[in-house]
Structure formats: structure tokens, C-alpha cells
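What the coordinates show
The chain contents come next:
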Amino acid sequence: MPNREFFNRRRVIIDTDAKNEADDQFAIVHALLSPSLDIRGFIAAHFGNRRTRRSMEESREEIDLLLRLMKLEANVVNGAPYALPDVRRPVESEGARLIIDEAMRDVPEPLYVAFFGPLTDMASALLLEPRIAERDVTVVWIGGGAGPEFNLSNDIVAANLVFSSRLKVWQVPSATYRMMAVGYAELDAKVAPCGEIGAYLVRQLVEWNERAHGGSIEFRVLGDSPAVGLLLHPDCGQWAERPAPTFRYDGTPDFSGDNRPIRVYESIDARFIHEDFFAKLRAFTGGDGQP
């Protein structure tokens, strides 16, 4: 990419259940290739125990693998290995401590914490250090929706703690992140030729689809990428402010409470996000080689 110097870079932490499916990987790489983002760290998140008993560890291994393929270094820490047991008990982790440390730093730049999975580490940080709710911190969350949704289901207690707090929240619900579909043909043309990392991104996506869908589809929703798009361009989607819901035990929202308003994205500019990623990846690898 051209050598551009960015001032007042956006201070960011990314909390990712990287091995849950096949889309976190694209968002992680996109964030790493975005020079306006000052990434203070990646937190490996759990994704429940329905498929594995070591989901957080598998997320950590996937983040480390992506960094090796890109020949990059970054601060990577472990998040909570499981959901909050109740509303009073945090799950202590390096990830929660990283959020607290960055939130309480005496610097002028605001902090953005992007969550590609459950909100466990944010809720734990709030319980461990309630003062962060008064700091300039914005939570960008891929999750929730009109009905049950996977990221929410992995820690409803944590979501309710964050949504009932004074933190600023930008929510990308399921109906919006599902707008991020991309076809195999485009991935083969624009991602697969881009070195080891491009080949890996496409291969692991196709392999996931074959396991999950029996090879019956030729597209994938890159549902975590809107979080990166919004960190780069907060208005790359239409949004509205509305009171934060409380989530019932089955994941459905209850708007009868008096929580403060949050920003809810109702649409997203998929072309901006996809094309920005394709161009950055091509520049990083020279199109068909290593960085």
C-alpha cells in the first residue's frame, strides 16, 4: 500500500471468536491491513461449548496462524474461556484486563472495542472496573437481532450487562450483517491469488461451507467485516438511535425497560467494505506473492 502517515489513528481492540466459523478471519486481516487503525490488541474469545470444550484456545490458535501467514506481529491475549456465570461474577482474563487498561489510559483518543462474538470480555471488564462506563469507550458489536442469534446466545448475561450500562454501543444485528454476502467467483478472483494468506482465507471458507452445507452453496456472508468497516467509516451504513433492549433467556429482545439509546445499524455498505479489503490485500501481497 502507499506509504501514508495517519495522525489521530483510531484506537482499537478486537475481540474475536476467530475459529467459530470462516468470516472472522477476513475481518481480522482487514483490520491488520488498515493503517488508520491503531490496534492495541486482539482478544481470543470463546464461542460456547456446543462444538468444542476449548473454543477460546482454538480462537487464539487461529489468530496466531493468521499473523504467521502474514508475517506480522500483534499483541494477542486470551479472553474468557466461558460465558459469565451470573450478573455479579466476572470471568477474569487477560482480555478483560486489556480492555480496562486501555479504557483507563489518560490519552485524548477514544477507544473502540469491536466484538465479533459474545460480549463476555466487555461485561467482565465492566464488573472488574465499573469506571470504564464513564470513559470515552465505544463497543461495536456484531450480534443480536429480532430473534435468537449465535453471538448473543453464547452469553446473554454479558449482553444484558453491556446493554444496560452507560457505555456507547454500536450494534450490527443479524439482519444487517447478513447483507455481507460474497460469491466464490469473486473470492477466487480477488482473494485466492493474494499469497499464502489469500489462499488460506478462501480455502478455509470453502471447507467450512462444505462441512456446514454439504457443498450446496457458492457464497459466504462475511458477517464480522461490518465492524471493521464502521471503524474505518462510521457512516458506511444507515443507523438509528433507539433504546437498548434487554434480552430474554431465548435471545428475543424486550424493549419495555428504560435503557439508554444505542446506535443500531439498519443497513451496511457491503461494496465499500469488500472492495476496501480486496484492494488492501492485493497491495499487501503484490497480488500473487508474499508481503
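Parameters and conventions
Residues numbered from 1 in each chain as written. Predicted model: local features only at pLDDT ≥ 70, side-chain atom pairs only at ≥ 80, totals over all residues. Heavy atoms only, no water. Buried < 20%, exposed > 50% of the residue type's maximum accessible area, 1.4 Å probe, protein only. Helix = DSSP H or I, 4+ residues; strand = E, 2+ residues; numbered from the N terminus. Pairing = 2+ DSSP bridges. Right-handed = clockwise from strand over helix to strand, strands pointing away. Salt bridge = Lys/Arg side-chain N within 4 Å of Asp/Glu carboxyl O. Core = buried A, V, L, I, M, F, W, Y, C linked by side-chain atoms within 4.5 Å. Contact = heavy atoms within 4.5 Å. Axes fitted to C-alpha atoms, helices over the stretch in contact; angles between N-to-C directions. Parallel < 35°, antiparallel > 145°, perpendicular 65-115°, else oblique. Nonpolar A, V, L, I, M, F, W, Y, C, P; charged D, E, K, R; others polar. Left-handed = near helix turned anticlockwise from the far one by under 90°.

**Topic: the pairing of strand β1 (residues 10-16)**
- Most of β1 is tucked away, with six of its seven residues classed as buried.
- Of the pairings in the sheet, the one linking β1 to strand β2 (residues 37-44) comprises seven bridges and is parallel in character. Within the sheet, the bridge partner assigned to Arg10 lies in β2 and is Leu37.
- With helix α1 (residues 24-32) bridging β1 and its parallel neighbour β2, the resulting β-α-β unit is right-handed.
- Where β1 and strand β4 (residues 111-115) come together, five bridges link them in parallel fashion. Its bridge partner being in β4, Val12 is matched across the sheet by Tyr112.

**What about the pattern of salt bridges?**
- Scanning all chains against the criterion turns up 20 salt bridges.
- Glu62 is the salt-bridge partner of Lys19, the closest N and O atoms lying 3.4 Å from each other. Residue Lys19 is found in the loop between β1 and α1, and its partner Glu62 is found in helix α2 (residues 55-70); the two are separated by 43 residues along the sequence.
- Accessibility expressed as a relative area gives 36% for Lys19, which makes it partly exposed.
- The class of Glu62 is buried, set by a relative accessible area of 4%.
- Ionic pairing is found between Lys190 and Glu186, a salt bridge with its closest N-O pair at 2.9 Å. A residue pair is termed a helical-turn pair when its members lie 3 or 4 positions apart in one helix, as Lys190 and Glu186 do in helix α8 (residues 184-190) at four residues.
- Residue Lys190 is classed as partly exposed on the basis of its relative accessible area, which comes to 26%.
- Each of Arg9, Arg11, Asp38, Arg40, Glu102 and Arg105 takes part in a single network of salt bridges with overlapping partners.

**Digging into unusual backbone geometry**
- In this structure, Lys71 is a non-glycine residue whose phi angle is positive, near 55°.
- On the basis of relative accessibility, which here comes to 55%, the residue Lys71 falls in the exposed class.

**A look at the nonpolar core**
- In terms of nonpolar packing, the biggest core is built from 55 residues, with Val29 and Val191 touching the most fellow members.
- Excluding residues that lie within four positions of it along the chain, Val191 makes contacts with Phe26, Glu186, Gly198, Ala199, Leu201, Val202, Phe277, Phe278 and Leu281.
- By size, the runner-up hydrophobic cluster in this structure holds 37 residues, among which are Ala80, Leu84, Leu111 and Val264.

**Quick notes on the packing of α1 against helix α10 (residues 225-232)**
- Two numbers describe how α1 lies on α10: the axes approach to 8 Å, and their chain directions differ by 20°. With respect to α10, the axis of α1 lies roughly parallel. Contact residues: Phe26, Ala27, His30 and Ala31 in α1; Ser225, Val228 and Leu232 in α10.
- Residues of the contact of α1 with α10, tallied by class, amount to five nonpolar, two polar and no charged.

**Observations regarding the packing of α1 against helix α11 (residues 270-285)**
- Here α1 crosses α11 at 65°, and the two axes come no closer than 10 Å. Of the two possible hands of crossing, α1 and α11 adopt the one that is left-handed. Two secondary-structure elements touch here, α1 through Phe26, Val29 and His30 and α11 through Ile273, Asp276, Phe277, Lys280 and Leu281.
- Across the contact of α1 with α11, the residue classes break down as five nonpolar, one polar and two charged.

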